[in-house]
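Report on the structure
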There are 2 protein chains.
Amino acid sequence: MKVHKEVKSDIEIAQNAKILPIINIAKSIGIEKVDIEPYGHYKAKLSLDILKKLENKQNGKVILVTAVNPTPAGEGKSTVTVGLGQALARLDKKAIIAMREPSLGPTMGVKGGATGGGYSQVIPMEDINLHFTGDIHAITTANNALSAMIDNHIYQGNELEIDVRRIVWKRVVDLNDRALRNVIIGLGGAVQGVPREDGFDITVASEIMAIFCLASDLQNLKHRLSKIVVGYNFKKEPITVGDLGVEGSLTLLLKDAIKPNLVQTLEHTPAIIHGGPFANIAHGCNSVLATKMAAKLGDYVVTEAGFGADLGAEKFLNIKTQSAEIHPSAVVIVATIRALKMHGGVEKQELNTENVNALTSGLKNLQKHIETIEEFGIPFVVAINRFITDTDSEVMAIKKWCEERKYPVALTEVWEKGGEGGIDLAQKLLNVIEHEKNTFKPLYKNKQVIEEKIETIARKVYGASGVEFSSKAKKQLVEIEANGWGELPICMAKTQYSLSDNPKLLGRPENFTITIRELRPKIGAGFIVALTGDVMTMPGLPKVPAALKMDVDLSGQAVGLF
Amino acid sequence: MKVHKEVKSDIEIAQNAKILPIINIAKSIGIEKVDIEPYGHYKAKLSLDILKKLENKQNGKVILVTAVNPTPAGEGKSTVTVGLGQALARLDKKAIIAMREPSLGPTMGVKGGATGGGYSQVIPMEDINLHFTGDIHAITTANNALSAMIDNHIYQGNELEIDVRRIVWKRVVDLNDRALRNVIIGLGGAVQGVPREDGFDITVASEIMAIFCLASDLQNLKHRLSKIVVGYNFKKEPITVGDLGVEGSLTLLLKDAIKPNLVQTLEHTPAIIHGGPFANIAHGCNSVLATKMAAKLGDYVVTEAGFGADLGAEKFLNIKTQSAEIHPSAVVIVATIRALKMHGGVEKQELNTENVNALTSGLKNLQKHIETIEEFGIPFVVAINRFITDTDSEVMAIKKWCEERKYPVALTEVWEKGGEGGIDLAQKLLNVIEHEKNTFKPLYKNKQVIEEKIETIARKVYGASGVEFSSKAKKQLVEIEANGWGELPICMAKTQYSLSDNPKLLGRPENFTITIRELRPKIGAGFIVALTGDVMTMPGLPKVPAALKMDVDLSGQAVGLF
């Protein structure tokens with residue numbers, strides 16, 4: 001593998017790229033001028049009318065990119081997603097990428113950006129990583145407007161008899177801000193509100209983000225918003241947004257945000273970037289509208305889901321496919337030799353040393369995810385995303401392992417070579433789509449009882465031997481059934497680092513049980529969140545946040561995003 | 001005065017209007033395509049390069065629209081601003097309007113919108129009243145990112161020894177949310193942050209909003225941001241954004257927001273709408289960049305300042321003219337017969353009854369504001385903004401009163417008739433600009449000591465007999481001088497309802513003193529805020545918020561903005 005003479009940073013590559021006017025990109029996939037609203041010259045919102053106009057057109061084939069359990073070594077799932085889209089385009093396929101919008105919190109915290117990397121990026125990367133077209137700000141505003149309405153309702157006489165101790169709706173900011181996790185509000189005396197405990201989540205953990213990503217149109221968005229349970233009254237009955245009568249104003253705040261955003265990759269492949277819910281507390285996929293629109297406009301849609309196949313892909317396949325009414329054609333499972341070595345027990349600082357034994361041991365993690373996708377009945381290809389430090393013996397070992405098991409595998413060099421580095425993956429993918437059987441169906445039926453649905457995920461996706469419910473969760477199961485919410489799908493909130501609920505158990509843990517500590521009904525989103533541990537819904541900043549390197553140069557260009 | 005056969009709501013008028021592509025509007029004032037970034041088809045951001053390109057062009061004449069002290073009767077200052085711009089355009093003058101961006105808090109609270117009214121509106125009114133081009137969201141994000149950095153710094157060891165009891169930087173939301181006025185954050189134990197008192201202001205009260213509106217370019221913005229004092233260390237020394245090293249990232253978050261926004265009026269007059277600071281805790285005018293750009297692109301700039309002439313205009317003339325290096329050509333003082341009757345002692349529910357005596361008594365309020373503008377040495381015209389309920393006798397009385405005093409006066413019917421209803425005002429204004437002497441200068445020199453500067457404003461603008469300083473303010477005066485901030489201009493925070501610091505004293509109070517309770521140095525903005533009472537920096541929602549009427553219809557159109 002050749003090293004670039006001059007290794008450029010992601011932002012340098014992105015800023016030096018030739019970028020086409022977004023109207024040209026739109027035109028290339030048949031979007032009429034009336035259906036595009038430019039936001040600057042290189043971003044645009046797409047009218048929902050496109051879906052109506054193309055209602056009778058056959059959907060393109062949807063390819064889901066997922067990965068092994070994430071490690072500090074990095075897997076490059078977004079980079080492979082972008083690179084694969086570019087590769088399909090090079091093979092003259094009409095491919096469209098559908099991805100999530102980055103949250104500012106992680107961008108300013110540790111990540112510095114989330115738009116792919118190297119020569120497989122979506123651009124303009126600064127805009128996408130900063131405010132983009134304002135969707136996340138609109139969601140923040142709608143979320144907090146609802147909070148203000150709840151507290152105002154209580155202050156103005158509390159006609160609905162909301163129990164301030166049982167409000168479950170939290171405020172949000174799209175930042176990493178641990179000091180806001182637990183707060184007391186309404187202090188200062190009688191004219192300043194009613195004191196109560198509250199907390200802030202990061203915006204991408206808001207139920208409104210999940211709703212935004214599952215809604216099929218504006219009216220469905222409003223309907224879902226009206227069903228949000230914000231808390232309970234003194235009789236412990238649920239109080240909804242509909243009871244407060246504010247679903248109209250919340251929908252109004254989201255009426256433009258709900259339109260998917262069109263951008264392009266470094267190689268001018270169209271990319272629709274829209275919505276970005278957490279993959280633990282929520283379902284971790286870009287909006288249904290983005291995926292559906294990409295499927296109408298393209299012959300191939302390359303999309304991704306958050307974290308590993310046990311979280312994002314499981315939810316994509318069990319939850320999102322139903323809301324979106326899509327039938328996925330294939331799955332790409334991304335791994336890196338470095339990440340597999342970590343799953344095999346190697347520490348981060350020793351990753352540059354060849355270690356075939358650790359790699360072989362770590363392959364068990366990949367194997368479990370492969371088995372999960374087989375369980376769903378979808379063709380797949382394993383994508384080994386190459387790093388400069390990978391040795392030939394390591395590459396040989398992984399190839400041999402896949403061949404022995406008849407797993408389709410491709411090496412990708414999309415970071416270094418862009419679409420060219422993903423040609424092998426694209427070809428193998430086209431091959432499995434054409435020749436392999438696809439018997440996709442979700443792993444459980446919504447009609448099953450909640451315990452059964454959770455058991456199914458735990459056993460078939462995590463490889464657990466069983467599920468335990470805390471006494472709190474058992475009590476909640478009864479309440480959820482009593483409220484008539486028992487037939488909703490399950491959104492598991494589990495650590496992303498392990499197949500189990502213990503983040504320290506890498507590789508493929510065995511003989512473990514999953515403990516459900518708490519259940520949180522998200523009636524607007526339309527799922528029951530099952531929490532298996534302390535799930536972080538508001539990250540903190542590290543000692544040296546990425547923000548300290550961010551700046552604007554004299555010409556007004558962004559500096560320090562990566 | 002004729003009544004329209006069919007009285008349409010503001011939003012109906014706006015939604016039925018013919019709107020031109022924003023690129024046409026830009027072209028009409030000579031903006032090159034390379035300097036415009038469309039946000040949809042009807043809004044655009046303007047490149048700051050325009051200012052560089054037109055550096056040597058003479059400035060257009062700047063006309064400031066102000067008003068009597070606001071009353072619940074309404075004065076229609078924004079409507080007159082828009083109508084006057086349209087009227088100048090009808091007289092074939094190259095006129096550009098410069099206005100503030102509405103805050104979502106009041107829009108969802110009581111106002112329902114802030115884009116003029118009737119046939120004198122800026123459009124698209126829904127977009128402008130909702131998220132517009134995201135400027136305020138960018139400011140919210142920058143403000144709260146700074147808060148997160150402060151709390152993270154403390155959590156990570158507090159190297160700067162920030163005293164958590166002396167942090168003056170507050171968080172913001174762009175909503176009316178009284179429950180957030182006083183909060184305790186950082187609760188939950190050792191890994192959740194450090195507990196402290198905090199509070200949320202509305203975004204338009206953020207010092208970053210004031211800075212945004214006073215900055216002359218991106219580098220000046222960054223310089224001002226670095227000087228923000230966020231709090232004090234245990235030695236009571238100021239701690240700045242520069243000390244935390246985050247001015248670069250805050251500037252990056254604002255790099256697009258800082259570009260002024262171009263829209264149009266119902267009659268296609270260009271309007272630059274940018275920034276919107278409070279007129280009590282801040283200076284209450286649109287951005288310096290918007291005003292300067294309008295002055296370079298047009299021959300006449302019609303701009304407004306918040307509240308009455310004692311607040312917005314005073315700050316425009318004493319603070320903004322210096323940052324913007326502009327010399328105002330004339331002032332329009334807006335009054336309504338209804339408002340003057342309230343200043344003369346009439347209750348709101350009796351405003352529809354003719355009452356010439358109360359009107360005559362209320363004219364004292366107008367007279368004080370006229371005297372203030374005379375004090376500044378600027379030509380002016382009084383604009384009486386007509387309402388359907390005004391009687392002929394009332395109109396005669398006010399005309400006679402002005403004639404006796406040789407005050408130029410015009411009746412405007414811009415709400416009902418658009419620009420046509422402002423022709424008389426426009427002609428009288430052009431006349432005073434051409435023929436009256438203009439000896440404008442600020443009322444005080446920055447080099448004067450703080451007490452003198454405050455005394456000057458209190459005596460010459462409010463008509464007070466003197467100023468008293470609380471013991472707290474006296475202590476702060478010493479600290480401010482010691483920190484070297486004594487030569488900054490003063491930003492008075494006073495009730496908007498009265499010339500005095502008692503909101504109940506309407507008309508023209510006499511023999512009163514102003515009490516300065518507290519001083520707040522805003523070093524980034526570059527002024528010292530002097531608080532004369534409880535100044536509201538976070539409004540609350542009424543029992544029935546405007547939001548309850550807001551909705552989206554089946555076609556995706558906004559409903560319930562007005």
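Keep in mind it's a predicted model, so treat the numbers as computed, not measured.

**Digging into the overall build of chain A**
For chain A, the helix and strand inventory stands at 20 helices and 26 strands. For 562 residues, the compact-globule estimate of 2.2 N^0.38 gives 24 Å, and chain A sits close to it at 23 Å. Along the first, second and third principal axes, the C-alpha set of chain A runs to 70 × 55 × 50 Å. Here chain A holds 562 residues, and 65% of them are scored as buried. A separation of at least 24 residues holds for 75% of the contacts in chain A among residues at least 6 apart in sequence. Here chain A has roughly 20,200 Å² of accessible surface; of this, 49% comes from carbon and sulfur atoms. Positive and negative side-chain charges in chain A, numbering 66 and 65 respectively, have mean positions lying 2 Å apart.

**Some thoughts on the pattern of salt bridges**
The tally for this structure, following the rule as stated, stands at 61 salt bridges over all chains. Here E455(A) and R459(A) are joined by a salt bridge, their closest N and O atoms 2.8 Å apart. With E455(A) and R459(A) both in helix α19 (residues 450–462) and four residues apart, this pair spans about one turn of that helix. On the basis of relative accessible area, E455(A) is assigned to the partly exposed category, the value being 24%. Each member of the salt-bridge network shares a partner with another, and the members are D151(A), R171(A), R196(A), D198(A) and D177(B).

**Section: the relation of the copies chain B and chain A**
In the superposition of chain B on chain A (RMSD 0.0 Å, axial shift 0.0 Å), the rotation amounts to 180°. What the rotation and shift describe, once combined, is the action of a two-fold rotation axis. Of the C-alpha atoms belonging to chain B, the one lying closest to the rotation axis is found on Y39(B), 2.1 Å away. The fraction of interface residues of chain B whose copies in chain A are also interface residues reaches 100%, indicating that both copies meet through the same surface.

**Here we look at the domain arrangement of chain A**
For an interface, size is often stated in terms of accessible area lost upon the parts coming together. Residue and element names in this part refer to chain A. Domain boundaries in chain A define domain 1 (32–133 + 257–435), domain 2 (135–253) and domain 3 (450–531). Between domain 1 and domain 3, the C-alpha centre-to-centre distance is 26 Å. The interface of domain 1 with domain 3 comprises 25 residues on the first partner and 23 residues on the second. On inspection of domain 1 and its partner domain 3, the count reaches two salt bridges. Here domain 1 is connected to domain 3 by eight residue pairs in polar contact (both at pLDDT 80 or more). Looking at the side of domain 1 that touches domain 3, the elements that each hand over two or more residues are α13 (309–324), α14 (337–343) and α15 (356–376). Of all the elements, α15 adds the most residues to the side of domain 1 that touches domain 3, at eight residues. Its residues assigned to classes, the side of domain 1 that touches domain 3 comprises nine nonpolar, nine polar and seven charged.

**Digging into unusual backbone geometry**
Residues and elements named next belong to chain A. The peptide bond linking I123 to P124 adopts the cis configuration, its omega dihedral lying at 0°. Position of P124 relative to the elements: it lies in the loop between β6 (120–123) and α6 (125–129). Located in the positive-phi region is K236, a residue other than glycine, with phi close to 65°. Relative to the assigned elements, K236 resides in the loop between β12 (229–233) and β13 (238–240). Of the residues examined, K236 reaches a relative accessible area of 49% and is grouped as partly exposed.

**A look at the environment of Q367(B)**
You can see Q367(B) is positioned in helix α15 (residues 356–376). With near-sequence residues (within four places) excluded, Q367(B) lies in contact with W401(B), R405(B), Y407(B) and R508(B).

**Section: the sheet that holds strand β12 (residues 229–233) of chain B**
Residue and element names in this part refer to chain B. Ordered in space as β7-β12-β13, the three strands form an open sheet in which the pairing is antiparallel. Looking at the sheet topology across the chains shown, the edges are occupied by β7 (162–167) and β13 (238–240). Recorded for the sheet is a direction-independent mean angle of 50° between the axes of neighbouring strands. Sheet topology note: the β12/β13 ladder contains three bridges and is antiparallel. Its bridge partner lying in β13, Y232 is registered against P238. Across the sheet, helix α7 (residues 135–155) is in contact with β7 and β12; its angle to β7 comes to roughly 135°.

Parameters and conventions
- The residue count restarts for each chain, going from 1 along the sequence in the order it is written.
- All chains are assigned letters beginning with A, and all ligands numbers beginning with 1, in the order in which they are written.
- Totals for whole chains, interfaces and linings use all residues, but because this is a predicted model, local features are given only for residues with pLDDT of at least 70 and pairs of side-chain atoms are given and counted only at 80 or more.
- In computing side-chain properties, one takes all heavy atoms of the structure into account and sets aside hydrogens as well as water.
- The way it works is that DSSP assigns letters per residue, a run of H or I at least four long becomes a helix, a run of E at least two long becomes a strand, and they are numbered from the N terminus.
- Note on method: radius of gyration uses C-alpha positions; expected globular size equals 2.2 Å times residues raised to 0.38.
- Here's how the labels work: a residue is buried when its accessible area is under 20% of the maximum for its type, exposed when over 50%, partly exposed in between, all with a 1.4 Å probe on protein chains only.
- The contact definition used throughout considers only heavy atoms, calling two residues in contact when any of these lie within 4.5 Å.
- Here, Shrake-Rupley sampling with a 1.4 Å probe gives the accessible areas, and only protein chains in the shown set may cover a residue.
- The charge count includes Lys and Arg as positive and Asp and Glu as negative, but it does not include His or the ends of the chains.
- Where a charge lies is defined by one atom per residue type: Lys uses NZ, Arg uses CZ, Asp uses CG and Glu uses CD.
- The term salt bridge refers to a pairing of a side-chain nitrogen on Lys or Arg with a carboxyl oxygen on Asp or Glu at a separation within 4 Å.
- Copy-to-copy alignment: least squares on C-alpha atoms, limited to residues at pLDDT 70 or above in both.
- Start and end positions for the domains come from either an automated domain assignment or a database one.
- Here a polar contact is recorded for every N or O atom pair within 3.5 Å, except that within protein the pair must consist of a potential hydrogen donor and a potential acceptor, and residues adjacent in sequence are included only if both atoms are side-chain atoms.
- Classification convention: Asp, Glu, Lys, Arg as charged; Ala, Val, Leu, Ile, Met, Phe, Trp, Tyr, Cys, Pro as nonpolar; all other residues, Gly among them, as polar.
- Pairing between strands is defined by DSSP: at least two bridges between the two strands are required.
- In this analysis an axis means a line fitted to C-alpha atoms, helices contributing only their contacting stretch, and an angle means the value between N-to-C directions, from 0 to 180 degrees.

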